[in-house]
Every structure is written in structure tokens, then in C-alpha cells.
Amino acid sequence: MKKFSQIFVISYCFSFFLFQTIFAGTVVDKFKIEGIISIASTKALQSELLKKLDIKILDLNLKKTDSGWPVLRIEYDPDIISKNKIETVIGEIEDPAGHKYKVHKGPLIANANLIDEENQAMTILGDMTMDLKQVNNPTVDFDSSIKRGKDVFIKNCAKCHGLNGNGYGVVAHGFATWPRQLWAWYKADSAADSYLYWIIENGKSDMPPWGLVLSEDVRWDLINYIKTIKKPEEN
Amino acid sequence: MAEKIKPPRIRVSRRIKKNKVFKVKVKFDHPSFTGLAMADDTTEPVFNRAKPVTFIRNMLVYYGDELVSRLSLSSGIADDPLFTFKLKATKEAPVKIVFIDNFGKRWEASKEIKFKG
Amino acid sequence: MVGGLTIPLLSVIPSSNDAHGAVFQTPKDLENLTELERIHLPKISLPPVVEDGASASIVCSVDHPMDEDHYIKSIQIMNFADPIVIKGKFFLTPVNGEAYLSTQIRLSGGEGTVWVIAECNKHGKWAASKKVTVAAGGC
């Protein structure tokens, strides 16, 4: 009995050691990638990278990322390859269209703050008036409204507000105003409706006036859906 | 696309009469692109981010000391745009046009308005 | 280069009239505009077929007086199907004399609708749109 447990402990330790050397040494890192312009890009980047480095590519997430930039997740052994080396190699790979890829660095939104002159001009000539009206949410069947709202959101709003509502959609860098985190409205009560209704209908700064192209029913579906957007858990 | 950003250039009608409306054209060789691409158009949103963006953010028009117009812009504008708008010749004073891009860089040009005829 | 561009003035009558209402006013009958509609409806000049979506010439104007107490406050250009929906918004004052703006915008490929909203300081927001086909998209 004693002998058995000894062998057990030894073999357990051994297998633990083995496990450590093979798996526990690897780490997973995320790389924001510049230069992905086509389906061919996504393939070329991954296959060239695997040819050049002994790594494992977990996935390439094009649109549903925290920053709006495509993210490549790579598992590698830092004792063999450094993060710097991976970045260098990514920067050496050529896209089929001729340009090289690059690991994106820098702040989430690269646009500089407004300068004083702009701020001043915008108080004289800008979107200032907000004529909020009393509104009543006409929704009867909330579940189906929220479901419809989600589809419309993904099609029309996610490009700016992000698929998860974090404000960093793929195009959020392309204009002056940051679209904001919509999860501020999670579980908001009807007191928020006047404002939400107004801004979706009229737009403001770089928020488009959806009242032009989306019917009132659809806009209520969106309001109902926005109130279900939850801040994702930190990981 | 402009290789180098050149200072904006203003052109106005040759004959400007007092209290008449005249055209102002301003050309600004400044790159403007969305930085977007379509690597997978099967899921929404159909675009993905491919490059950092560059665009002109604001155009401010002063006539004399007065701010008379503001054009708020985005990367949905073409490279090296030519903007044309109108002004009423209320006074002999410079028209000054200021551009600010998304990096907060500022350019300006101005043109003296003198009445003729 | 400045002044060297002339933009072909194609039809300036807006071709569609399918706004959802909301706060945006559109004419009841495009063929028979009332005086209020005539002076508020934005005119859009944009070729029906755009070869290069990276630079589509557009001219927007409103036949409205620019008086101290009655004038067009802004002209906004949009395409809701594009990634960058709002191309630009021009804020005006009576000193502009006329509500007019000409520029070049980016449009993505295929069929789309360009919308223009004009806002009057007294009579609210007025919308017009124009269908456009873009041969080569310029996002």
C-alpha cells in the first residue's frame, strides 16, 4: 500500500513536470492588425505566419473586438519566441495586394481633442437645441420587439457603437465624436425614453438622424434593445 | 491623393458688388480616407478597420472678425476636396478660412474682399 | 485648380419621396409644390451614376431667403447605407446670402440613396433624397 502511494506520488509529479514543459509554458497574446483589406489578406497573413514561426493561431477576429481593429490571437512559448519577434514577422509579411501588414499600436481613438477655436465655433454654430418631447413606449410584446431591435442594431448601429455597444465600432474612428458606451442605458426606465427617442430620431453631431429612414416602430424596437445591452464582464 | 498637405487656396468671383452674393471656392489638398476595407462582407457590419483614418474635421469661415459658417466634416469626404459656398458682400474685409484635421492640426488662408463696379 | 471644376447640373428635382416623416418634412406632391415647400426643399445635384465612389461631386442648395430673422441654419449630407453616414453638415448664417454648398463625397459601391436635410430657423427640418448607383465603391 505504502509502495503504491509512493509510485503514485512519483508518477504524479512526473506527469505534472511533463505537462508543465509541454503546455504550461505557452501564453496567449492579442495583436491588433493593420492592413487586412480582403479575404485573401486574412488567409495570406495566417498561412505565412505559420510558415515562419512555431506558433498556434487561435483566431482572427475581424469586427467584434474591443478596439474596432481586427485582432489575431496567438498562442506561443515565450521561452522560444518573443512577442517582439512575432510583431516583427507580422510586419514583414506581404499582403497579396502588395503592402505589408503591421501590428497596430496607439490609443483606442487616435483623433485629437477639439482645439479651443473649434469648441468656440461649435457653441455659435452647432447642434445645440434639444427639443425633447413626452413620449409613450407603445410596445406590447417586449421580447419580440427586443429581438427585432437587435437585428436592426447589428445592421445599422453596430458599425459605430460596436457589436457589444462599447462605442468602438469599426468606423468609430472616422468622425469627430466618439459614439459612447450604450450600456449606460442598461435597464433604464421610461424616464430615459424622451432622450433616447429624440437622439435616435434627430441625431446629433455624428449620430445620424434615423427618423428619416427607420419607422417609429423600428425606433422603439431599438430603444427596447438598447436597454438590454449589458457591459461585458471583465476578463 | 495629395502626397503632401498643401495650404488651402481661396478663389472668389472677380467682380464683387456691395450687398451682392458671391461664390467662394476653397481647395485643400489634404488626404481623407475612412481606413475601412471589406475582408468579409457576409456578416454585419460589412466593413472592417484596415488602416488608421485621416480626415478634415472642421472648416471655419470668418468674414472680417465674424464667424459666418462652419462645415463639420468626416472621413466620408473625398481626398483633396474643393468646397464652394456663397457669401453676401456686406463689407470690405478679409474672408478667412480655417481647416482643422482629426489630429488637431490647423491651416488657414485668407482673401481680401474689395468691391468693384 | 480652384475654379477649374464645373459640375454638370443634372436634374435638380429630388427623385424620391419616401422619408418616414418623423420631424422631417417632405412635400406631399413633388409635381405641385406649395410655396412653403418650394422654398424649403433642398435641391440635390448628383449624377445618377457615379463612376468613382471615392469622389462624387454633389451640389446642395435651398431656394430660401437668408434674412436676419428667417434663414437656413444648416445643410446636412448623408447616406445611411455607408459606413460613414454623415458626410458633412454646413452651418450657415444670414451673411451667406444663399444656402448653397458644393463638395465631393465618398460613397460605397452599388445602389444607394443620398439624403440632404435643410433646417430653417422658423420652419424646421426638410429632407430630400436622390438615388445613386456607384460603379466603384470608395467607402
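What counts, and where the lines are drawn
- Residues numbered from 1 in each chain as written.
- Chains lettered and ligands numbered in written order.
- Predicted model: local features only at pLDDT ≥ 70, side-chain atom pairs only at ≥ 80, totals over all residues.
- Heavy atoms only, no water.
- Disulfide = S-S within 2.5 Å.
- Buried < 20%, exposed > 50% of the residue type's maximum accessible area, 1.4 Å probe, protein only.
- Pairing = 2+ DSSP bridges.
- Helix = DSSP H or I, 4+ residues; strand = E, 2+ residues; numbered from the N terminus.
- Axes fitted to C-alpha atoms, helices over the stretch in contact; angles between N-to-C directions.
- Contact = heavy atoms within 4.5 Å.
- Buried area = accessible area lost by both parts, 1.4 Å probe.
- Salt bridge = Lys/Arg side-chain N within 4 Å of Asp/Glu carboxyl O.
- Polar contact = N/O pair within 3.5 Å; in protein donor to acceptor, adjacent residues only side chain to side chain.
- Nonpolar A, V, L, I, M, F, W, Y, C, P; charged D, E, K, R; others polar.

Trainee: So what exactly am I meant to see when it comes to the state of the cysteines here?
Mentor: Covalently bonding the sulfur atom of one cysteine to the sulfur atom of another cysteine gives a disulfide. Residue and element names in this part refer to chain C. Tallied over the entire structure, the rule returns 0 disulfides over all chains. For Cys 120, which is in no disulfide, the shortest distance to another cysteine sulfur is to Cys 60 and amounts to 17 Å. The class for Cys 120 is buried, based on a relative accessible area of 3%.

Trainee: Teacher, can you tell me more about the sheet that holds strand β4 (residues 56-62) of chain C here?
Mentor: The strands making up a sheet associate through backbone hydrogen bonding, with each pair oriented either parallel or antiparallel. Strand order in the open sheet formed by 6 strands is β1(B)-β2(B)-β7(B)-β7(C)-β4(C)-β2(C), and the pairing between neighbours is antiparallel. Each having just a single partner strand, β1 (9-12) of chain B together with β2 (43-45) of chain C make up the two edges of the open sheet. For this sheet the average axis-to-axis angle between neighbouring strands, irrespective of direction, equals 20 degrees. For strand β7 (residues 82-88) of chain B and strand β7 (residues 99-105) of chain C, the ladder comprises 2 bridges, and the chain directions are antiparallel. Looking at β7 of chain C, one finds that Thr 84 of chain B is bridged to Ser 102 of chain C.

Trainee: Whenever I open this one, the interface of chain A and chain B confuses me. Can you help?
Mentor: A common way to state how big an interface is: give the accessible area lost once the parts meet. Counting residues at the interface gives 36 residues for chain A, matched by 33 residues for chain B. A buried area of about 2,800 Å², summed over both sides, lies between chain A and chain B, and 61% of it is on carbon and sulfur atoms. One salt bridge connects Arg 106 of chain B with Glu 117 of chain A, and the closest N-O pair in it is separated by 2.6 Å. Counting across the chain A and chain B interface gives 16 residue pairs in polar contact (both at pLDDT 80 or more).

Trainee: Would you take a moment to explain the interface of chain C and chain B for this structure?
Mentor: Taken together, the contacts link 29 residues of chain C with 35 residues of chain B. Across the contact surface, chain C and chain B share 2 salt bridges. Glu 98 of chain C is the partner of Lys 86 of chain B in a salt bridge, and the nearest nitrogen-oxygen pair spans 2.7 Å. The tally of links between chain C and chain B comes to 17 residue pairs in polar contact (both at pLDDT 80 or more). Grouping the amino acids of the side of chain C that touches chain B by side-chain chemistry returns 15 nonpolar, 10 polar and 4 charged. As defined by bridge partners, strand β6 (residues 66-73) of chain B adjoins strand β6 (residues 86-91) of chain C across 4 bridges and the pair is classed as antiparallel. Across the sheet, residue Leu 73 of chain B finds its bridge partner in β6 of chain C, namely Gly 88 of chain C.

Trainee: Looking at this structure, I do not really get the environment of Ala 44 of chain A. What am I missing?
Mentor: Residue and element names in this part refer to chain A. With respect to the helices and strands, the residue Ala 44 is situated in helix α2 (residues 39-52). Each C-alpha atom, one on Ala 44 and one on Gly 126, is 46 Å from the other, the two residues being 82 residues apart in sequence. Ignoring sequence-local partners within four residues, the contact set of Ala 44 consists of Ile 93, Pro 96 and Tyr 101.

Trainee: I'm lost on the environment of Asn 136 of chain A in this one. Help?
Mentor: Following the sequence through the fold, Asn 136 of chain A ends up in the loop between α4 (116-124) and α5 (142-156). Taking the C-alpha atoms as reference, Asn 136 of chain A lies 8.4 Å from Ser 194 of chain A; in sequence the two are 58 residues apart.

Trainee: Where do I start with unusual backbone geometry in this structure?
Mentor: Leave glycine aside and you will find that most residues have negative phi; peptide bonds, for their part, are mostly trans. Of note, the amide linkage connecting Glu 44 of chain B to Pro 45 of chain B takes the cis form, showing an omega dihedral of -15 degrees. Among the structural elements, Pro 45 of chain B can be located in the loop between β3 (36-37) and β4 (48-49). With a phi close to 60 degrees, Lys 187 of chain A is a non-glycine residue in the positive phi region. Here Lys 187 of chain A lies in the loop between α6 (158-161) and α7 (193-202). For Asn 19 of chain B, which is not a glycine, the phi torsion comes out positive at approximately 65 degrees. Mapping Asn 19 of chain B onto the fold places it in the loop between β1 and β2 (21-27). Accessibility expressed as a relative area gives 43% for Asn 19 of chain B, which makes it partly exposed.

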